[in-house]
Amino acid sequence: MGINTMGEVSGSARGLLVGVVAAVIALGAGAGGGEASEVVVYSARSHYGQEPAIEAFTRKTGVQVKIFGGNSSELFERLRAEGDKTPADVLITVDAGNLWNAARAGLLTRVDSPELLAAIPAYLRDPEHRWFALTMRARTIMYNTKKVRPEELSTYEALGDPRWKGRLCLRTSGHIYNQSLLATLIKRHGEARVEAMVRGWVANTPTLINGDTKILEAVAAGQCDVGLANTYYLGRILAKDPTFPVAPFWANQQTTGTHVNISGAGVTAHAKNRANAVKLIEFLASPEAQQMFADANFEYPANPQAAVNPIIARWGKFTQDDTNVAAAGELQAAATRLADRAGYR
Ligand code: FE
């Protein structure tokens, strides 16, 4: 993993691990079994701001939640360095590739919770039950609504068509979001087809940009006409400026479906408050909490029972690629090598 997740966190938060005690309203005792009435969370979502869903858990159960923030790679390294001394009971992180890496490093344990299995669709959780999606985000084509008609768009692959020469903005290949997109497509199609797609993108001399928000701003400014970005970045901008001239186009609706990724959670291998940790994740997967969780960052709920935020609901329903998101981890190294070979930097 290492530096490829650094773009996820703001400069001011980078390198800091800030302890925040979520609003605590003690309503009674927490879980039994001699555990303290608290749960400690390492969260790579901390830069998204307040998490009302976690505060709601404390109001409901009286269990205090201590959140330590950081970016994905910092929290991974910290958990690994602390070993069985870690105070963390729950790891929340972004991108299935990061969850997969944490599980493979032995940092997460299996949770066999019928509630979680019912709440979160199978393709959005670890087949071995060590992590579960909390939110879902699509990574799709974003276009300038003044310069591009949606009829001109179709698939990720078609962004390699010569008509997009000099008109495409892409995230640098070192970032995990595009690695996860490529990894999932490799799982679907094998390397040869995906490499041909990436070579098409590269032939269109894309502008490489290190940040999804910056890609959307470049598309809006006409620096490029189309790009790839995660949906919540556009949701955040549209919440402030409804006239922002960028819209999502749902890629690959006639073929594999639009690529989706997750933020998610797992119980740490050395959790001291395991019962509360499971209880917290179960609560976060409930429709009530899912709506708060998704609304906080304009993401889609992972639990299909929860409602979608009105700002993103306007984009309509779309067919998702239902390849298990674990592919993002399994094939991350293959995706990185493929990008290198194809000259995508
Ligand atoms: Fe992000």
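Enumeration over the complete set of coordinates arrives at 1 disulfide. The disulfide bridge from Cys169 ends at Cys224, spanning 1.9 Å between sulfur atoms. Across the S-S bond linking Cys169 and Cys224, the dihedral sits near -95°, which makes this disulfide left-handed. Separated by 55 residues along the polypeptide, Cys169 in strand E7 (residues 168-171) and Cys224 in the loop between helix H7 (212-221) and strand E9 (226-230) bring together distant segments of the chain.

What follows is about the packing of aromatic side chains. In the structure shown here, the tally under the stated rule is 6 aromatic pairs. Seen from their ring centres, Tyr42 and Phe68 are 6.0 Å apart, and the 75° between their planes marks the pair as edge-to-face. A residue pair is termed long-range when its members are at least 10 positions apart, and Tyr42 in strand E2 (residues 38-43) and Phe68 in strand E3 (residues 64-69) qualify at 26 residues. With a relative accessible area of 0%, Tyr42 lands in the buried category. Here Trp250 and Phe318 contribute two aromatic rings whose centre-to-centre distance is 3.8 Å and whose plane-to-plane angle is 10°, an arrangement assigned as stacked.

To continue, consider the confidence of the model for the protein chain. The pLDDT averaged across the protein chain works out to 91; a share of 90% of its residues lies at or above 70. A low-confidence stretch, residues 1-32 stays under pLDDT 50, and its non-local contacts, those more than four residues away or across chains, total 75 contacts.

All right, on to the side chain of Arg125 then. Relative to the helices and strands, Arg125 resides in the loop between helix H4 (114-119) and strand E6 (132-144). Buried charge Arg125 goes without a salt bridge, the closest partner of opposite sign being Asp112 at 8.5 Å. Look past the residues within four positions of Arg125 in its chain and what remains in contact with it is Leu116, Leu117, Ile120, Trp131, Phe132 and Asn324.

All right, on to the environment of Arg199 then. Secondary-structure assignment places Arg199 in helix H6 (residues 191-203). Put simply, Arg199 and Ala342 are 143 residues apart on the chain and 5.3 Å apart in space, counted from C-alpha to C-alpha.

Tallied over the entire structure, the rule returns 25 salt bridges. Glu51 is paired through a salt bridge with Arg45; the nearest N and O atoms lie 2.8 Å apart. One exposure class covers both Glu51 and Arg45, and it is buried. With its nearest N and O atoms 2.8 Å apart, the salt bridge here joins Arg171 to Asp212. Placement of Arg171 in strand E7 and of Asp212 in helix H7 is noted, with a sequence separation of 41 residues between them. In the salt-bridge network here, residues are joined through shared partners; they are Arg45, Glu51, Arg137 and Glu299.

A few words now on the pairing of strand E11 (residues 260-268). Along E11, 9 of the 9 residues are buried, which leaves the element largely enclosed by surrounding structure. Two strands pair when backbone bridges link them, and strand E4 (residues 90-94) and E11 are joined in this way by 5 bridges, in the antiparallel orientation. Within E11, the position partnered with Leu91 by the bridge is Gly266. The pairing of strand E5 (residues 108-109) with E11 spans 2 bridges and is antiparallel. The partner of Thr109 across the bridge, within E11, is Val267.

A separate point is the environment of Thr231. Of note, Thr231 is situated in helix H8 (residues 231-240). Residue Thr231 is classed as buried on the basis of its relative accessible area, which comes to 0%. Along the sequence, Thr231 and Glu299 sit 68 residues apart, while their C-alpha atoms lie 7.3 Å from each other. Excluding residues that lie within four positions of it along the chain, Thr231 makes contacts with Arg137, Ala138, Thr140, Met142, Trp250, Tyr300 and Trp315.

As a further point, take helix H2 (residues 72-82). Along an α-helix, residues three or four apart share an orientation, since each turn contains 3.6 residues. The complete set of buried residues in H2 reads Ser72, Ser73, Glu74, Leu75, Phe76 and Leu79. Looking at the buried side of H2, the elements it contacts are E2, E3, E4, helix H3 (96-104) and E11. Where H2 ends, the next residue or the one after it, Gly83, has phi of about 55°, a positive value.

A few words on the side chain of Thr93. Structurally, Thr93 can be placed in strand E4. At 3.0 Å, the side chain of Thr93 forms a polar contact with the side chain of Ser72. If near-sequence neighbours (up to four positions away) are discounted, Thr93 is found in contact with Ala44, Ser72, Asn98, Leu99, Ser263 and Gly264.

Looking now at the nonpolar core. Residues Val90, Leu124, Trp131, Leu216 and Leu284 are the most contacted members of the largest nonpolar core, which totals 82 residues. When residues of this core are sorted by domain, at least three fall in each of domain 1 (38-136 + 260-310) and domain 2 (138-259 + 319-342). Sequence-distant contacts of Val90, that is, excluding residues within four places in its chain, are made with Val39, Val40, Val41, Tyr42, Ala265, Gly266, Thr268, Ala277, Leu280 and Ile281. Counting residues in hydrophobic clusters, the runner-up holds 29 residues, among them Met197, Val198, Trp201 and Leu338.

Analysis parameters
- Residues numbered from 1 in each chain as written.
- Predicted model: local features only at pLDDT ≥ 70, side-chain atom pairs only at ≥ 80, totals over all residues.
- Heavy atoms only, no water.
- Disulfide = S-S within 2.5 Å.
- Helix = DSSP H or I, 4+ residues; strand = E, 2+ residues; numbered from the N terminus.
- Phe/Tyr/Trp six-rings, centres within 6.5 Å; stacked < 30°, edge-to-face > 60°.
- Buried < 20%, exposed > 50% of the residue type's maximum accessible area, 1.4 Å probe, protein only.
- pLDDT = per-residue confidence, 0-100.
- Contact = heavy atoms within 4.5 Å.
- Lys, Arg positive; Asp, Glu negative; His and termini not counted.
- Salt bridge = Lys/Arg side-chain N within 4 Å of Asp/Glu carboxyl O.
- Pairing = 2+ DSSP bridges.
- Polar contact = N/O pair within 3.5 Å; in protein donor to acceptor, adjacent residues only side chain to side chain.
- Core = buried A, V, L, I, M, F, W, Y, C linked by side-chain atoms within 4.5 Å.
- Domains from an automatic or database assignment.

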